[in-house]
Amino acid sequence: MEFQEAVTRLRIPRTIRKGAVERHHMQTEKHKWNILFQRSSSSKQKTKPSEIPVEFLCPVSGTLMKDPVIVSSGHTFERACVQACNTLGFIPTLMDGTVPDFSTVIPNLALKSTILKWCTDYSLDPPNDKTTLNFFSAEKLVHAKILETQQQKPKHPKKNEDQDAGTGIDHLVTDLITHDTWSSDDSPLQLKSTLSSCYSSPSSSSADIRAFNLNPKDEEFVSKLKSPLVFEIEEGLISLRNTTRAREDDTRLQLCTSRLLSVLKPLIISRYTNIQVNSVACLVNLSLEKINKIKIVRSGILPLLIDVLKGGFPEAREHACGAIFSLALDDRNKIAIGVLGALSPLLHLLRSDERHRTRHDSGLALYHLSLVQSNVTKLVKLGSVPILLDIVKSGRLGRWVLLILCNLALCPEGRDAMRDSGGVDFFVGLLKRRELKYESAQEICVSVLYGLSHGGLRFKGLARAAGAVEVLMQVENTGNDRTKKMVKRIIKILTETRMEEVLEDSGSTRCVFGGEKDWA
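Residues numbered from 1 in each chain as written. Predicted model: local features only at pLDDT ≥ 70, side-chain atom pairs only at ≥ 80, totals over all residues. Heavy atoms only, no water.

Selection rule: UniProt positions are given in the numbering used here, feature names are shortened, and annotations may be inferred rather than shown by experiment.
An unreviewed UniProt entry lists the protein under the name RING-type E3 ubiquitin transferase, with Salix purpurea given as the organism. Database annotation for the protein, UniProt heading Catalytic activity (unreviewed entry): "S-ubiquitinyl-[E2 ubiquitin-conjugating enzyme]-L-cysteine + [acceptor protein]-L-lysine = [E2 ubiquitin-conjugating enzyme]-L-cysteine + N(6)-ubiquitinyl-[acceptor protein]-L-lysine." What UniProt records for the protein under Function (unreviewed entry) is the sentence "Functions as an E3 ubiquitin ligase."

The structure is reproduced here in structure tokens:
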């Protein structure tokens, strides 16, 4: 018994020792797996980068871009910095010596998504309003940049004349973001030249910087229009409207600055009647100067005017029609106005607006816009031909509408639409009844028929059915020299016999032209 108890005492420690070893082995293996798991998980997380990629930084502010945009020259900037440079009429010189062109701005969505992905990969906060410049901070930065460039200008202008304007501003960015300490008494700088920055060439950037000077007229109105009080904005707009009515001096040229136009933008679509009406009226006055027309279109204000045409207050719509008519007088603006979608609302106002002035200015605008082939095609696709014919039948704005139809008759699409809408019979009837209220209307109607006469056999059939030959012979006796020449050509087309007609007459069936419906 004593021997068995001794053996049992010896076995228990071995069993305990074996269990302890097994537990220690299991803990060791678990620790190894934890180490491997931590290494594998940590390998997926990237370490924070030492610096931000250069292509993610705005060349003007040096900060990570929140809303990158591509300008005409191909460079990418923060949108607020581009707007600030346009407002102050400033063109910076970049680090590589190139000069950007801010005339056109396109969102750089690819770079924006790349920046957001980069921030996500490195567990960084994406750019936000606290870390990027807004418009006012960017404006102050550009203003400070101009002042610093002028202070650092060498005494001898022949040396270092093209000094890089983009250096030495990094220390200003952080201060402007964190401390808004810019004095409101500091006046913005304005170019002495009447040309906008969009006219500047790359070689003239340094000259533009030297030409900056204070513009007290611009500053006076801008400070009022930026006021948070509605009545002060209204007073500023009324004062600006009265000032821009002057014709004897260059007030309109001095006041049509990028800074003032940028302040007018939000006021054009204001929900307050007086603010919207007076801001659009100010734009009409500024657009009366030829140099200002292209400047206003390039400022990006045209889409807002089109919004007023679609849903603005009645008096504001009237002024907007006048502004677009004035801008359309410049041939360089015609295509842009049509592309941005002004034709459809102008056509609607011409047809249905209750104000005579609105209809008159919309008709003038459409006439000048229809001088461009691309706009003619758009008008035809909008179904303008039957609308314009109805307006002429109603006796409203006959002259300008007739001129628009004359322009439409010069293109194949317009001729087809006019023949389908009964245009040949309509214009022959106008000449036959002699219901035209002014002398030039007869010449315009003959011009339309002359344009339609390039339609071959179909025009011949429609014109003969309407009795055009007899009517045109009467017009030939009373019209001017230009009208007589067109009448002779139309009569020649209608009376000459071609091989196609001979073959048609010799066929088994006979075509009877009973009117335009037979040819529809």
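1. Section: the overall build of the protein
So the rule is basically this: Elements are defined by DSSP. Helices are runs of H or I of four residues or more, strands are runs of E of two residues or more, and each kind is numbered from the N terminus. Classification of residues uses two cut-offs on accessible area relative to the type maximum, computed with a 1.4 Å probe and protein chains only: under 20% is buried, over 50% is exposed, and between them is partly exposed. Note on contacts: a residue pair is in contact if any heavy atoms of the two residues lie within 4.5 Å. All accessible areas in this document rest on Shrake-Rupley with a 1.4 Å probe, and a residue is counted as covered only by the protein chains that are shown.
The helix and strand tally for the protein stands at 27 helices and five strands. When each of the 520 residues of the protein is scored for burial, the buried share is 45%. Within the protein, contacts between residues at least 6 apart in sequence are counted, and of these 70% link residues at least 24 apart. Accessible surface, the protein as shown: approximately 28,600 Å² in total, 54% of it carbon and sulfur.

2. Some details on the state of the cysteines
Stated precisely, the cut-off is as follows: Our working definition of a disulfide is a cysteine sulfur pair at a distance within 2.5 Å.
Here the structure, examined in full by the defined rule, presents zero disulfides. We note that C81 lacks a disulfide partner, and the nearest cysteine sulfur, in C58, lies 3.8 Å from it. In this structure C81 comes out as buried when scored by relative accessible area, which is 1%.

3. Concerning the packing of aromatic side chains
We count it as follows: Aromatic rings from Phe, Tyr and Trp, taking only the six-membered ring of Trp, are treated as a pair when their centres fall within 6.5 Å; an angle between ring planes under 30 degrees marks them as stacked, one over 60 as edge-to-face, and anything in between as tilted.
As enumerated under the stated definition, the model contains six aromatic pairs in all. Judged by centre distance (5.6 Å) and plane angle (70°), the ring pair of F56 and W118 falls under edge-to-face. You can see F56 sitting in the loop between α1 (2-44) and β1 (68-71) and its partner W118 sitting in helix α3 (residues 109-121), a full 62 residues away along the chain. Taken as a pair, F56 and W118 share a single burial class, namely buried. Taken together, a centroid distance of 5.5 Å and an interplanar angle of 55° make the contact between W118 and Y122 tilted. Judged by its relative accessible area of 12%, W118 falls in the buried class. Of the aromatic side chains, those joined through ring pairs into one cluster are F56, W118 and Y122.

4. Focus: the sheet that holds β1
Put simply, the test is: When DSSP locates at least two bridges between a pair of strands, those strands are taken to pair. Every axis corresponds to a line fitted to the C-alpha atoms, with the helix fit spanning only the stretch in contact, and the corresponding angles, defined between N-to-C directions, vary from 0 to 180 degrees.
One open sheet holds the three strands; their spatial order is β2-β1-β3, and the pairing between them is antiparallel. Among the strands making up the open sheet, the edge pair consists of β2 (76-78) and β3 (105-107). Ignoring strand direction, the axes of neighbouring strands in this sheet form an average angle of 40°. Pairing analysis gives three bridges linking β1 to β3, with the strands arranged antiparallel. Residue pairing across strands places V69 opposite P107, the latter belonging to β3. The strands that helix α2 (residues 79-88) touches are β1, β2 and β3; relative to β2, the one it contacts most, it runs at about 90°.

5. Section: the side chain of S447
Along the chain, S447 falls in helix α23 (residues 439-452). Ignoring anything within four residues of it in the chain, the contact list for S447 reads C406 and M486.

6. Some details on the environment of H143
Counting through the fold element by element, H143 comes out in helix α4 (residues 135-151). Judged by its relative accessible area of 6%, H143 is buried. In the structure, H143 is positioned 55 residues away from L88 in sequence and 7.5 Å away in space, judged by C-alpha atoms.

7. Section: the packing of helix α19 (residues 384-394) against helix α20 (residues 398-408)
The description of two packed helices rests on the angle between their axes and on the distance between the axes. Threshold: When an angle is under 35 degrees it counts as roughly parallel; over 145 it counts as roughly antiparallel; between 65 and 115 it counts as roughly perpendicular; any other value is oblique. Left-handed is the label given to a crossing in which the near helix is rotated counterclockwise from the far helix by less than a right angle, and right-handed is the label when the rotation is clockwise. In the scheme used here, Gly and all other residues not listed as nonpolar or charged are polar, with Ala, Val, Leu, Ile, Met, Phe, Trp, Tyr, Cys and Pro taken as nonpolar and Asp, Glu, Lys and Arg as charged.
Relative to each other, α19 and α20 sit at 150°, their axes nearing to 9 Å. In terms of their interaxial angle, α19 and α20 are classed as roughly antiparallel. When you trace α19 past α20, the crossing you get is left-handed. For the pair α19 and α20, the contacting residues are S384, V385, L388, L389, I391 and V392 in the first and V401, L402, I404, L405 and L408 in the second. A per-class count over the contact of α19 with α20 returns 10 nonpolar, one polar and no charged.

8. A few points about helix α17 (residues 356-369)
Stated precisely, the cut-off is as follows: Expected helix span is given by 1.5 Å per residue-to-residue step, counting one fewer step than there are residues.
Taking 1.5 Å per residue as the helical rise, α17 with its 14 residues ought to reach 20 Å, and the 20 Å between its terminal C-alpha atoms agrees with that figure. Here α17 has its buried residues at T358, R359, D361, S362, G363, L364, A365, L366, Y367, H368 and L369. Taken together, the buried residues of α17 touch α14 (314-328), α15 (331-339), α16 (343-352), α18 (373-381) and α20.

9. A closer look at the nonpolar core
Going by this rule: By convention a nonpolar core is built from buried Ala, Val, Leu, Ile, Met, Phe, Trp, Tyr and Cys residues, the set being connected through side-chain atoms within 4.5 Å.
Of all hydrophobic cores here, the largest spans 97 residues; its most connected members are I324, L408 and F427. In terms of residues, this core owes the most to one element, α14, which gives eight residues.

10. What to know about the environment of R247
With respect to the helices and strands, the residue R247 is situated in the loop between α8 (230-243) and α9 (251-255). Taking C-alpha positions, R247 is 9.6 Å from E289, a pair spaced 42 residues apart along the chain.

11. Remarks on helix α22 (residues 423-433)
Among the 11 residues that make up α22, eight are buried, leaving the element largely enclosed by the rest of the structure. Within α22, the full set of buried residues consists of G423, V424, F426, F427, V428, G429, L430 and L431.

12. Describing unusual backbone geometry
Its identity as a non-glycine residue notwithstanding, S123 has a phi of 55°, on the positive side. Tracing the backbone shows S123 in the loop between α3 and α4.

13. Focus: the side chain of E443
Applicable threshold: Pairing of N or O atoms within 3.5 Å defines a polar contact, subject to two protein rules: one partner must be a possible hydrogen donor and the other a possible acceptor, and residues neighboring in sequence count only if both atoms are side-chain atoms.
Among the structural elements, E443 can be located in helix α23. A polar side-chain atom of E443 sits 2.8 Å from a polar atom in the side chain of R482. Once residues lying within four places of it in the same chain are set aside, the contact partners of E443 are N480, R482, T483 and M486.

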